[in-house]
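# Breakdown of the fold
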Amino acid sequence: MSPVHQEQTFEEAIEGDLLAKAWLRGLASNYDRQLGLDTAELSAFIGATQPEDWARLLAYHGNDPDVARREFAQYLARQLDERGPLDVLRRGVKDKGVLIRLAYFKPAHAITDDALTLYRANRLTVTRQLAYSTSNNNTLDLVLFVNGIPLATAELKNPLTGQTVEDAKEQYRRTRDPKELLFARRTLVHFAVDPDLVFVTTKLAGEKTRFLPFNTGSNGPGASGGAGNPPVGASGYRSSYLWEQIWHPDTWLDLIRRFLHTDRESQALIFPRYHQWDAVTRLTAHAARHGSGHNYLVMHSAGSGKSNTIAWLAHRLSSLHTAHTLDEGTRATGLRPDEPVFDKVIIITDRVVLDRQLQDTVFQFEHVPGVVQRIDKDSAQLAAALQGETAKVVITTMQKFPYILNQVQGLRGKRFAVIVDEAHSSQSGDSAAALKKVLLRLGSDDVDETGDLLTASALARGRHQTLSYFAFTATPKAKTLELFGTPHPVTGDAQPFHTYSMRQAIEEGFILDVLRNYLTYKSYWKLANANPDDPEVDPKKAGAQLARFASLHPTMQAQKAEIIVEHFRKHTASRLGGRAKAMVVTASREGAVRLHTAIRKYVDLHRYPGCDSLVAFSGELEVDGVEYTEARVNGFGEGELTDRFAYTAADDKHAGTPKAKQAVEYRILVVAEKYQTGFDQPLLTTMYVDKLLKNVAAVQTLSRLNRIHPLKTQGDVFVLDFVNEAGDVAAHFRPYFETAATTPTDPNLLYTAQHAVTGYPVLVESEMQAYAEALLAAEAKATTDTGLQRAHAALYRFTEPAVDRFKALAEQDPEAATGFRSALRDYTRMYAFLSQVVPYHDEDLERLYLYGRALLNRLPRQQDPSVDIGEVQLTHLRVSKTGEHDASLSPEGEQMLPGFLGGAVGTQNDPDRVALSELIDAFNDRFGIGLGEADKVWVEQQIVALAEDGTLEAAAMVNDESNFGVVCDRRIEDVILSRHDDNGKLMQRYLDDESLRSQLNQFARRQAYQMIRRRKGIA
């Protein structure tokens, strides 16, 4: 075989590139297998960088160099065994009171070139075919050393010889003993490499060794694409970025200094994935060159390791300096060499886990407590953190900023980096403006040159040279893209600064595809009008009530509960070694309570083991006269739910005994507007959807299933959907499968909206000006929350005349009053968003916004009479499976999101009134296709039979409902048995299940009693 095809040629090419980038060639003969060190390189580094310290140490050994080198190498080996190479490299070792550094890292800033002298003295060596073991002569293709300490190994494979990166992985798993000194207590990371792909692991564990992809993406780093690497460049290798970028001396030492760290919980060493490193370095490089005042949107999918990316970014930004030598473009921004880019880094998040992770990560880098501070008390704590010198990274929530406008002093001229975790359009509006006012310090020269508060208020809303936003989200809305995105150089469309796509995360195995196994069901039903009359109703409102009635009907809930439980038992319960869990997503709190109750009753009726369920919803709720709370239903506090649900009997050796960690293992969680975002439970494999899903909510909800687990495969993931079509859900996912962009909003839309408001005879400019001046003065002077509230209360008098004019208009022209309210609401929504994007600095717009926001709260509420559909019966029902789908997406490239178009809806005309019976007929035509006698609702049949029974009719006429129940309960069983029909299954359940029988009796007698009395015209 020609040498050009051999693996050795590939190895030589990599070595040659490294040597050209200031690496040195290491000699395998210099490696001490007993100590796990290249002692020659170690001695050369210390001698070149610390001669005076070495001389002091040498004196302890009688000035015998050989003894001193041998003794220090042995001591260093023990320190490496105890502390690990990361800590030793970062902080050095003390031998006999003498501190010896083992590496020098590039300083954050360099006033002179002398500051880099020690950094450049590091000795990075690459050693080929290193024999590393004391028990055999196995060799490694490449080993990378820093000052004699081995940190990385690499096995290279060449497809031209019939071997690929997969063979390199197997070589590590099968022929590299994890107990060897080099692997167990020296090296940090191991690379499996071929000319096309790279994989990495930080821990060898034999057959269980897990390699993660370390590739740029099929379209290159930071761009939308899939797994792998783009076509070859000038180097001839798709994987050349590994040795050209990652193993570049500057990058390699920076990774050791500011990226690698140990996870506190798992104790695993964390090495960044390529997209994480690329995002952090690109963001910081841009900020260092262009300074503060720029916004960045990072569109990273679930499974991207966002928490670590934010932690690394926050640490880098907290010590980021401009370059020692500035180019012309950077000097034009006013930046000076070697100065901090930001004074503080502020992270806006609600995730406590991010706080802990940041604390741990940054402390490993800095070894200084207090650098990261979470604001978990009050606004005074936040004010102190922003003013103090210790905390460089402050973690808080957006909601705290409006309360500290007058507690912060000394922030004038300070520069801030604001990292927004899970950025959405909520970052616009008043909270974001309050944050800017605090950080810019209302009244500073930067914000308020004229001293005019209204001008300052308007200025505070836009972008500022002292503020940079770094926004992270997997699912940006159009507003998010406009607020934080980067304009395309040609089209001007707003795009993410950096992308790690859902497609790439799925293809690389970091998340699972939730659309692969998608089961759809459809409910077919018919209603009957049981009202004695046929009222005319608003079709929209009455239609919603009819649909809700059918959805929440006990029979509908019972059928869905049966489908859920039987599917769970057949398809889910045994998966992941009996650990798999399911989530049921409902459309309302009442729906959650009813469906959870139905699931429990069905499980209890059949005495099914392993199907225990929990429910999650907020607040208090009354259903059928009973008060419910989440804690009351579950039997424990809301804060315990995630831990209780996470418990698995399979992982508890005491399960089923008094020593068990938990008496009950919960497998099914029924939720309503809770745990549908930010809930990471890798054991979730199945989702039952009983709610219409749209847009971002569809992606966020179903993504609860995409988390990986060592026992979880793609085949374990199911979605069973009672409401949505698989194609519709796939369409909602498409903008977030690769990357999203949007067309910028026309700034003049706001002036159109302004004219729409001022066209009505309600507003007076002098009143608006007086209100705005008083409001801003109150904000500037009030020193306490209570004082601010009193000041705001006094402002109501400025809106009183406009309220009176609106009332008069409503009496004269109701449609015009409705139009004004709609136009004003649209304007305030539009201004709250657009003022963050467009630098209007227009006092008229700001004045109208401040005044209009207050006036909207004072305008009399529109009368919106409810619709009473009276007594309606569910007569037919069938819930049937309509299909099994693979709704997975195919690559289609960038997707455009529709831009912000305001929200004006104009005047609302009175809806046409229709007879309730006509509306029900229309619903039956739509939802009752194909239903026949076999689909009649059994319970409803029995109620009608009871209402037609002469004995019960007589009793209902002369008794209240309670006394009627005494007679009814004696007759109900006879009536039911007399109507034995083909629905023997449910009837048998009625006879066998005392709980079900009691529930149905209670329901039936109430309905029969009311039906009889309505027929007789008795209220």
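Before any of the text, the structure's been laid out above.
Since the model is a prediction, treat every value here as computed from it, not as a measurement. (Residues numbered from 1 in each chain as written. Predicted model: local features only at pLDDT ≥ 70, side-chain atom pairs only at ≥ 80, totals over all residues. Heavy atoms only, no water.)

Moving on, we come to the pairing of strand β28 (residues 626–629). Note: strand β27 (residues 620–623) against β28, 4 bridges, orientation antiparallel. Within the sheet, the bridge partner assigned to glutamate 620 lies in β28 and is threonine 629. Hairpin connection of β27 to β28: 2 residues between the antiparallel strands, including aspartate 624 at a positive phi of 55°. (Pairing = 2+ DSSP bridges. Helix = DSSP H or I, 4+ residues; strand = E, 2+ residues; numbered from the N terminus.)

On to the environment of glutamine 399, then. By secondary structure assignment, the location of glutamine 399 is in the loop between β17 (393–396) and β18 (416–421). According to the relative accessible area criterion, glutamine 399 is partly exposed, its value standing at 48%. Sequence separation of glutamine 399 and isoleucine 348 is 51 residues, and the distance between their C-alpha atoms is 9.5 Å. (Buried < 20%, exposed > 50% of the residue type's maximum accessible area, 1.4 Å probe, protein only.)

Before going further, it helps to spend a moment on the packing of aromatic side chains. Throughout the structure, instances matching the rule amount to 31 aromatic pairs. Here tryptophan 252 and phenylalanine 271 contribute two aromatic rings whose centre-to-centre distance is 6.5 Å and whose plane-to-plane angle is 50°, an arrangement assigned as tilted. With tryptophan 252 in helix α10 (residues 249–258) and phenylalanine 271 in the loop between β13 (269–270) and α11 (274–290), this residue pair connects regions lying 19 residues apart in the sequence. When its relative accessible area of 2% is taken as the criterion, tryptophan 252 is described as buried. Among the aromatic residues, ring-to-ring pairing joins Phe191, Phe214, Tyr241, Trp247, Trp252, Phe271, Tyr274 and Trp277 into one connected group. Lysine 169 extends its terminal NZ or CZ atom over the ring of phenylalanine 199, reaching a point 3.5 Å from the ring centre. Taking NZ or CZ as reference, lysine 479 lies 5.5 Å from the ring centre of phenylalanine 833, over its face. (Phe/Tyr/Trp six-rings, centres within 6.5 Å; stacked < 30°, edge-to-face > 60°. Lys NZ or Arg CZ within 6 Å of the ring centre and 35° of its normal.)

Once that is clear, we can look at the pattern of salt bridges. Scanning the entire structure with this criterion turns up 45 salt bridges. Across the pair arginine 185 and aspartate 81 runs a salt bridge whose closest N-O atoms are separated by 3.0 Å. Here arginine 185, found in helix α8 (residues 181–185), pairs with aspartate 81, found in helix α4 (residues 65–83); they are 104 residues apart in sequence, far enough to count as distant. On the basis of relative accessibility, which here comes to 37%, the residue arginine 185 falls in the partly exposed class. A relative accessible area of 35% places aspartate 81 in the partly exposed class. Among the salt bridges present, the one from glutamate 166 reaches lysine 169, with a minimum N-O distance of 3.1 Å. (Salt bridge = Lys/Arg side-chain N within 4 Å of Asp/Glu carboxyl O.)

Attention now moves to the packing of helix α28 (residues 749–758) against helix α33 (residues 843–858). Packing of α28 against α33 leaves a shortest axis separation of 11 Å and a crossing angle of 55°. In terms of orientation, α28 and α33 fall into the oblique class. Both α28 and α33 take part in a crossing whose hand is left-handed. Together, Leu750, Tyr751, Gln754 and Val757 of α28 and Asp844, Leu845 and Leu848 of α33 make up the contact between the two elements. Tallied by class, the residues present in the contact of α28 with α33 amount to 5 nonpolar, 1 polar and 1 charged. (Axes fitted to C-alpha atoms, helices over the stretch in contact; angles between N-to-C directions. Parallel < 35°, antiparallel > 145°, perpendicular 65-115°, else oblique. Left-handed = near helix turned anticlockwise from the far one by under 90°. Contact = heavy atoms within 4.5 Å. Nonpolar A, V, L, I, M, F, W, Y, C, P; charged D, E, K, R; others polar.)

Moving on, we come to the packing of helix α31 (residues 796–812) against α33. Orientation of α31 relative to α33, taken along the N-to-C sense of each, is 70°, at an axis distance of 10 Å. Here α31 lies roughly perpendicular to α33, going by the angle between them. Judged by the sense of rotation from one axis to the other, the crossing of α31 with α33 is right-handed. Here Tyr796, Phe798, Thr799, Glu800, Ala802 and Val803 of α31 come into contact with α33, specifically with Tyr851, Ala854, Leu855 and Arg858. Classifying every residue of the contact of α31 with α33 by side-chain character gives 7 nonpolar, 1 polar and 2 charged.

Shape is all these values report; function is a separate question.
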